[in-house]
Every structure is written in structure tokens, then in C-alpha cells.
Amino acid sequence: MSISNFDFPYCHEVTKYERLLKIGQGTFGEVFKAQERKGSRRLVALKKVMMDNEKEGFPITALREIKILQLLNHDNIVNLIEICRTKASPYNRNKASIYLVLEFCEHDLAGLLSNHQVKFSIAEVKKIAQMLMNALYFIHSNKILHRDMKASNVLITKSGVLKLADFGLARAIHISEEKQRYTNRVVTLWCRPPELLLGERDYGPPIDIWGAGCIIAEMWTRTPIMQGSTELHQLTLISHLCGSISSDVWPGVEQLELYEKMTLARGLKRRVKERLKSYVRDVNALDLIDKMLMLDPKQRLDSDAALNHDFFWTDPMPCDISPTLARHNQSMFEYLAPPRRAAGLPAANRPRGAAGQPNTSQANSYADRVF
């Protein structure tokens, strides 16, 4: 399929932008901070589309991302400005490079959480979570699944506006009585819901809700809450937090393709609130996270119910996060942040982080020990 078939602003030369800094690296390409050379001199993000594995045509993932971003016009969704390319030449094996030109956001949430000097109040955590759920409500209302929820895909501008980004794995969903056959090889492992890990291919918005629940919890723990090294290990961590996976709590789970093939932990009780309460010192936040991390996707809150949860409607009310961001002059992205390392201290003695909570490590062993 030719990109010229798309009704979208298009420029022939990416050289109209000056690259300033590489700020991201994903499965589907690199991301650069750049500035327009003339005119407004605005800052943008250039996302390079990987073409190396394409024998002909344009990558279907990029086509989907472009088409979906064309559809989604919302304050909490990153804006696609235009599409650019480089000329084919012998230096790039006679292939043109394609770039998505996106609005620039100064931070991603993972980068902010990696900096122990960035301390969000409970009211600010509420605001970030509220904007995230607004983004999900909008895309789900438009029958779009994000399918790659993680803190590094949650961008935040210096004025404190959250922008959900990276729709490279996103796709439109079809509501019908017939079973769908979507791929289950989506969502970063640490935020992948149990139904995908067990082989489900007929899924919907609850997969994004699970990821959002993990992200909201991470704003308090300062680190991903379940850091599995394999799919089975991730299921084990989920069982230790959310209880054993069985038909008693999840009717029909035994019909999933991998349920009988996985050696699942048995006899474990649900302990989401108990294990997170030393970090998430807000009873309504605990309840919201608990309801977003239900094993059975049919029992998870949808985005509308989440936005109406008491967490967002009790004191302290969600507040503007820009004053906190204004105290930090440098952009913070996960790609640029140093690895977060365990301090070798018991959890109770760790430095305080977001909303006054412990600042923790990304190490798998520490995730196993704490959660």
C-alpha cells in the first residue's frame, strides 16, 4: 500500500527539521527530539519507521498507527503533525526513510518516576491517573485498543498535560457475536494481562485497563509492580499478587489455549491491597487499582467506571502538575535515564518517592521480594 493514498499533510524532506537528541528506541523505530529549521522553530518528535524488514511496500504497523492517529483528536492523545521522508540513495540501500512528525512532549512518565527528585503529591498522582483514563475512555469509545500500555508510552508536556503515545501496536476492534482472532503477542510483558498470557485472542478494552492499573500503581512504587522474566514467571507474579487463576474466580478461564499447558500457582489468595498498602497510602487509590487488576477481564472496571471512582472525587482533588514540573528544567525520558538500582535496604527504609512512597528498583529479584 502506498503512503500517498493517505489524506494527510506530507513533506518531501525531513531535513526541514534539525535533529537534537535521540529520546527513544522501540521495536518499530527510533524517536528523536527535533526542531523546525525555519518558521515557528517549534520542537517536534521524529519517529523513524523501521523499513529494513520490508521487502516491498510500507509496514502495516506504521499504516495502522498513521490511520489511528488521524482518527484520534483529543487533548490526552499525542498529535501527529505530518509525515516526512528522506530520499533514497546508495547510502541507505536505495530506500527512503519515513518519519512520523509528532508533537513534542518534554517527559515520559517512566523517566519522571526514575528521578527521585520528582515527587508528586497525591492530588498530582490523581491528575495524571485521571488524564490517562480520559485518554483510554476516548480511544475505547472510538473502538481502538492501544495494546502497549506502559509508563514510557505516557508522555507529559512541561505544562502538565498527559499525552498517550506510541500507537504502533494499536488497532481497531470489531464488535460482533463472532469470535475475533487478534494476536496475543502484544503489550510489554510487565503490563501484559493474564488473558493474553494464557493465549486469549478474542479480547477488548480490558487489556488496556490492566496496563493502566499497573501504571497507576507504579506512580506510587516508582517501579513496575510485576517484573517477570518469562511469560510463566509473569503469570506467577500475577498469581502471588492477584490470587491463583482458576474457574472459581474467572469462569471460563480453563477454556483458554494455554491454561492446561502452564504450571500455574495454586492455593494463593488475592493480596493486591495488602501488598500495595505500604506504598499506596490512599484507600480509594488501593480500591481503584484492585478493581483494575481483576483476573477476570469481565470483572475489571471499564474506563468510564474508573473515571467515576471515588479516588477522583474525594479530597485532595486532582490538581495541576505543572508547578512540580517547573522545578525541573531537564527533559526526563526512560531512554535517557540511568538504570534504577536496588539500594540494598528493606522496603520500609527506602528513600521516599512519589506521594511520599518508597523509591524502588527495577530489578526482578526486588519485584519478587516486595510484591
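Predicted, not measured: the structure shown is a model, and the values here were computed from it.

Q: What exactly am I supposed to notice about the packing of helix 5 (residues 206–221) against helix 8 (residues 283–292) here?
A: The description of two packed helices rests on the angle between their axes and on the distance between the axes. Relative to each other, helix 5 and helix 8 sit at 150°, their axes nearing to 8 Å. Put simply, helix 5 runs roughly antiparallel to helix 8. Remark: the crossing between helix 5 and helix 8 carries left-handed chirality. Residue-level contacts link Ile209, Trp210, Ala212, Gly213, Ile216, Ala217 and Trp220 of helix 5 to Ala285, Leu288, Ile289 and Met292 of helix 8.

Q: I keep staring at the state of the cysteines and nothing clicks. Help me out?
A: A covalent bond between the sulfur atoms of two cysteines is what we call a disulfide. Tallied over the full model, the rule gives zero disulfides. Left unpaired, Cys191 is separated from the closest cysteine sulfur, that of Cys214, by 4.7 Å. Residue Cys191 is classed as buried on the basis of its relative accessible area, which comes to 8%. A relative accessible area of 3% means that Cys214 is categorised as buried.

Q: Any chance you could explain the environment of Cys319 here in plain terms?
A: Secondary-structure assignment places Cys319 in the loop between helix 9 (303–307) and helix 10 (322–326). With 196 residues separating them along the chain, Cys319 and Ala123 place their C-alpha atoms 5.5 Å apart. Residue contacts for Cys319: discarding those within four places in its chain leaves Ser121, Ala123, Glu124 and Lys127.

Q: Would you mind going over the nonpolar core with me for this structure?
A: Most often, soluble globular proteins have nonpolar side chains that are buried together. Counting residues in each nonpolar core, the largest one holds 94 residues, and the members touching the most others are Met133, Leu164 and Leu198. Among residues more than four places away in sequence, those in contact with Met133 are Ile209, Ala212, Ile216, Met292, Ser303, Ala306, Leu307 and Phe312. Among the nonpolar cores identified, the runner-up in size contains ten residues, and Val14, Tyr17, Phe32 and Ala34 belong to it.

What counts, and at which threshold
- Per chain, residues are indexed from 1 in the order of the written sequence.
- Residue-level local features of this predicted model are given only where pLDDT is at least 70; pairs of side-chain atoms are given and counted only at 80 or more, and the full residue set underlies all totals for whole chains, interfaces and linings.
- Note that water and hydrogens are dropped before the side-chain values are worked out from all heavy atoms of the structure.
- Here, axes are lines fitted to C-alpha atoms. For helices the fit covers the stretch in contact, and angles between N-to-C directions go from 0 to 180 degrees.
- Only runs of H or I of at least four residues qualify as helices and only runs of E of at least two qualify as strands under DSSP, and these elements are numbered from the N terminus.
- In these notes the angle categories are as follows: under 35 degrees is roughly parallel, over 145 is roughly antiparallel, 65 to 115 is roughly perpendicular, and the rest is oblique.
- Whether a crossing is left-handed or right-handed is set by the direction in which the near helix is turned from the far one by less than a right angle, anticlockwise for left-handed and clockwise for right-handed.
- Residue contacts are defined here by distance: any two heavy atoms, one from each residue, within 4.5 Å place the two residues in contact.
- The disulfide criterion is simple: two cysteine sulfur atoms within 2.5 Å.
- Buried, partly exposed and exposed residues are distinguished by accessible area as a fraction of the type maximum, computed with a 1.4 Å probe on protein chains only: under 20%, between the cut-offs, and over 50%, respectively.
- We call a set of buried residues a nonpolar core when its members are Ala, Val, Leu, Ile, Met, Phe, Trp, Tyr or Cys and they connect through side-chain atoms within 4.5 Å of each other.

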